[in-house]
Amino acid sequence: MKTYRNELWFETRSRREMINITPQVGECLQASGIRDGLLLCNAMHITASVFINDDESGLHQDFEEWLEGLAPEKPYSRYRHNGFEDNGDAHLKRTIMGREVVVAVTDGKLDLGPWEQIFYGEFDGMRKKRVLVKIIGA
Amino acid sequence: MKTYRNELWFETRSRREMINITPQVGECLQASGIRDGLLLCNAMHITASVFINDDESGLHQDFEEWLEGLAPEKPYSRYRHNGFEDNGDAHLKRTIMGREVVVAVTDGKLDLGPWEQIFYGEFDGMRKKRVLVKIIGA
Amino acid sequence: MKTYRNELWFETRSRREMINITPQVGECLQASGIRDGLLLCNAMHITASVFINDDESGLHQDFEEWLEGLAPEKPYSRYRHNGFEDNGDAHLKRTIMGREVVVAVTDGKLDLGPWEQIFYGEFDGMRKKRVLVKIIGA
């Protein structure tokens, strides 16, 4: 059994952003030399998400509005978590979007459906944050 | 380490449907010959879900109403994604329900709790779509 | 390839509760002797969750209020599932929070980010319920 581990670093320019990280995750897989197995990709921070969906800008705006409706950023006083912080909403938004994805590895490739793309979802950005890629297989 | 891969195909008769796929996933496991490991089951399409819950028709109606409340199908103009499509709501509904499940494999069986059943959740159906089953173990 | 399996049992004193189970999951990992691989931790019941977030009591109160807003417990007649049961809301709340987490294992440790903690989320408690820990690796 082979394993591989790497961290991807992100620092977004705005509080919320969605970044297609499929190319970087694919590079990790290639570097691993693993042909067959499972790949875990997770946010290492609790106000960010790794999720799979479509790379379509209209959809990403829909996500933004929808998440703001379900867990509004303001007023900050809305959340008990916001004593010394202002990111209560980010914890909830990331919960909806999910922490992690597990992707099959087949023939040395990410075994994704035709429109599946892996995204980093940032909900409290403008600082350095990490994503973990862990692969096990043969 | 052994691995196994298979695709399950679905074409629902209505836009939204929930199908218990535990038997098919169990058949994959049996075919794999794997006795101990991890099984990934994920929708390969971004408007469908694989999730685990109870096989109870009242609950499934509750899911339908609840998801329609959180991300209504209509008016289609509600979503920016709906330029050439009408499935913006399906992307959001699937996000709530989740893309994938990872299930332990023990003694050659799906290691599920007493009421856990695996479902395919379709939110934009009436066309052929796929679910991936990938198993690794010994 | 090594594998390990264990069940953790919980019986909460109230209907809803969030319990930090990171220490118990870490003990499982130590007992397994696995140094490198993947760890699955999932609720075995469909009205409970295993999720990763911050161990901060204000945030946990925010989760409680937010989930009650998205899927209120009462009136019980609100849910079709509540014929012989009163836990329709718990199925929905657990869907938002998620069934499972997959965590990387590196150097014999849970490969978590600085604030990541693993929680058992109970939404229909006051009875004995189980969490599964399954680890595969080398």
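Residues numbered from 1 in each chain as written. Chains lettered and ligands numbered in written order. Predicted model: local features only at pLDDT ≥ 70, side-chain atom pairs only at ≥ 80, totals over all residues. Heavy atoms only, no water.

Named according to an unreviewed UniProt entry, chain A is YjbQ family protein originating from Oryzomonas japonica.

Q: How should I be thinking about the relation of the copies chain C and chain B in this particular structure?
A: Look at the two chain copies: a rotation about an axis and a shift along it is all it takes to match them. Each copy superposes on the other: chain C lies on chain B with an RMSD of 0.0 Å after a rotation of 120° and an axial shift of 0.0 Å. Those values place the two copies in the arrangement expected of a three-fold rotation axis. (Least-squares fit on C-alpha atoms with pLDDT ≥ 70 in both.)

Q: Teacher, can you tell me more about the interface of chain C and chain B here?
A: A common way to express how large an interface is: the accessible area buried when the components associate. Counting residues at the interface gives 28 residues for chain C, matched by 34 residues for chain B. Where chain C meets chain B, there are 4 salt bridges. A salt bridge links R5 of chain C to D111 of chain B; the nearest nitrogen and oxygen atoms lie 2.5 Å apart. Applying the counting rule to chain C against chain B returns 15 residue pairs in polar contact (both at pLDDT 80 or more). Of all elements in the fold, only β1 (2-10), β3 (37-43), α3 (88-97), β5 (100-106) and β8 (129-137) of chain C reach the threshold of two or more residues within the side of chain C that touches chain B. No other element matches α3 of chain C, which puts 5 residues into the side of chain C that touches chain B. Class assignment of the residues belonging to the side of chain C that touches chain B gives a composition of 14 nonpolar, 6 polar and 8 charged. (Contact = heavy atoms within 4.5 Å. Salt bridge = Lys/Arg side-chain N within 4 Å of Asp/Glu carboxyl O. Polar contact = N/O pair within 3.5 Å; in protein donor to acceptor, adjacent residues only side chain to side chain. Helix = DSSP H or I, 4+ residues; strand = E, 2+ residues; numbered from the N terminus. Nonpolar A, V, L, I, M, F, W, Y, C, P; charged D, E, K, R; others polar.)

Q: Looking at this structure, I do not really get a nonpolar patch on the surface. What am I missing?
A: Nonpolar side chains collect at one region of the surface, where M1 of chain A, M1 of chain B together with M1 of chain C lie side by side and expose about 250 Å² of accessible area between them. By the element assignment, M1 of chain B lies in the segment before β1 (2-10). When its relative accessible area of 38% is taken as the criterion, M1 of chain B is described as partly exposed. (Patch = residues over 30% accessible without salt bridge, like charges linked within 9 Å, V, L, I, M, F, W, Y side chains within 5 Å. Areas by Shrake-Rupley, 256 points an atom, 1.4 Å probe, with all protein chains shown as cover. Buried < 20%, exposed > 50% of the residue type's maximum accessible area, 1.4 Å probe, protein only.)

Q: Is there a simple way to think about helix α2 (residues 57-70) of chain C in this case?
A: In an α-helix, one full turn covers 3.6 residues, which means residues spaced three or four apart are oriented alike. All names here are of chain C. For α2, which comprises 14 residues, the first-to-last C-alpha distance of 20 Å matches the rise-based estimate of 20 Å (1.5 Å per residue) to within 8%. Buried residues of α2: G58, L59, H60, D62, F63, W66, L67 and L70, and no others. One side-chain oxygen at the N-terminal end of α2 lies 2.9 Å from the backbone nitrogen of G58; it belongs to E56. (Expected span 1.5 Å × (residues − 1).)

Q: Would you mind going over the packing of α2 of chain C against α3 of chain C with me for this structure?
A: The relative placement of two packed helices is expressed as an angle between their axes plus a distance between the axes. All names here are of chain C. Orientation of α2 relative to α3, taken along the N-to-C sense of each, is 120°, at an axis distance of 10 Å. As summarised for this structure, α2 and α3 are arranged oblique, according to the angle between their axes. Read as a crossing pair, α2 and α3 show a hand that is right-handed. On the side of α2, the interface is formed by F63, W66, L67, E68 and L70, while α3 contributes D89, K93, I96 and M97. Residue composition of the contact of α2 with α3, by class: 6 nonpolar, no polar and 3 charged. (Axes fitted to C-alpha atoms, helices over the stretch in contact; angles between N-to-C directions. Parallel < 35°, antiparallel > 145°, perpendicular 65-115°, else oblique. Left-handed = near helix turned anticlockwise from the far one by under 90°.)

Q: Would you mind showing me how to read the interface of chain B and chain A here?
A: Contacts between the two partners involve 28 residues from chain B and, on the opposite side, 34 residues from chain A. Carbon and sulfur atoms make up 60% of the surface buried where chain B meets chain A, a total of about 2500 Å² over both sides. One can count 4 salt bridges joining chain B with chain A. The salt bridge involving E65 of chain A is made with R80 of chain B; its shortest N-O contact spans 2.5 Å. Here chain B and chain A share 15 residue pairs in polar contact (both at pLDDT 80 or more) between them. When residues of the side of chain B that touches chain A are traced back to their parent elements, those giving at least two are β1, β3 (37-43), α3 (88-97), β5 (100-106) and β8 (129-137) of chain B. The element that contributes the greatest number of residues to the side of chain B that touches chain A is α3 of chain B, accounting for 5 residues. For the side of chain B that touches chain A, the class distribution of residues is 14 nonpolar, 6 polar and 8 charged. (Buried area = accessible area lost by both parts, 1.4 Å probe.)

Q: Any chance you could explain the sheet that holds strand β4 (residues 48-53) of chain B here in plain terms?
A: Remark on secondary structure: sheet strands pair via backbone hydrogen bonds, oriented parallel or antiparallel. Residue and element names in this part refer to chain B. Across the sheet, which stays open at both edges, the 3 strands sit in the order β2-β7-β4 with antiparallel pairing between neighbours. If you trace the sheet from one side to the other, it starts and ends with β2 (17-20) and β4, each paired once. The mean angle between the axes of side-by-side strands here comes to 30°, regardless of whether they run parallel or antiparallel. Judged from the 6 bridges that link them, β4 and strand β7 (residues 117-122) form a sheet pairing that is antiparallel. Opposite I52, over in β7, you have I118 as the bridge partner. (Pairing = 2+ DSSP bridges.)

Q: Hey, could you run me through the sheet that holds strand β1 (residues 2-10) of chain A in this one?
A: All names here are of chain A. In space, the 5 strands of this open sheet follow the order β1-β8-β3-β5-β6, with antiparallel pairing throughout. Looking at strand neighbours, the two that pair on one side only are β1 and β6 (109-110), the edges of this open sheet. Two elements, strand β3 (residues 37-43) and strand β8 (residues 129-137), share 7 bridges in a ladder whose sense is antiparallel. Within β8, the residue paired with A43 across the bridge is V131. Running at roughly 150° to β1, helix α1 (residues 22-32) makes contact with β1, β3, β5 (100-106), β6 and β8 of the sheet.

Q: What's the story with the pairing of β4 of chain B in this structure? I'm lost.
A: Looking down a regular strand, the side chains alternate between one sheet face and the other. In terms of burial, β4 of chain B is largely enclosed, as 6 of its 6 residues are buried. Neither face of β4 of chain B is left uncovered, since the one carrying A48, V50 and I52 of chain B and the one carrying S49, F51 and N53 of chain B both have all their residues buried.

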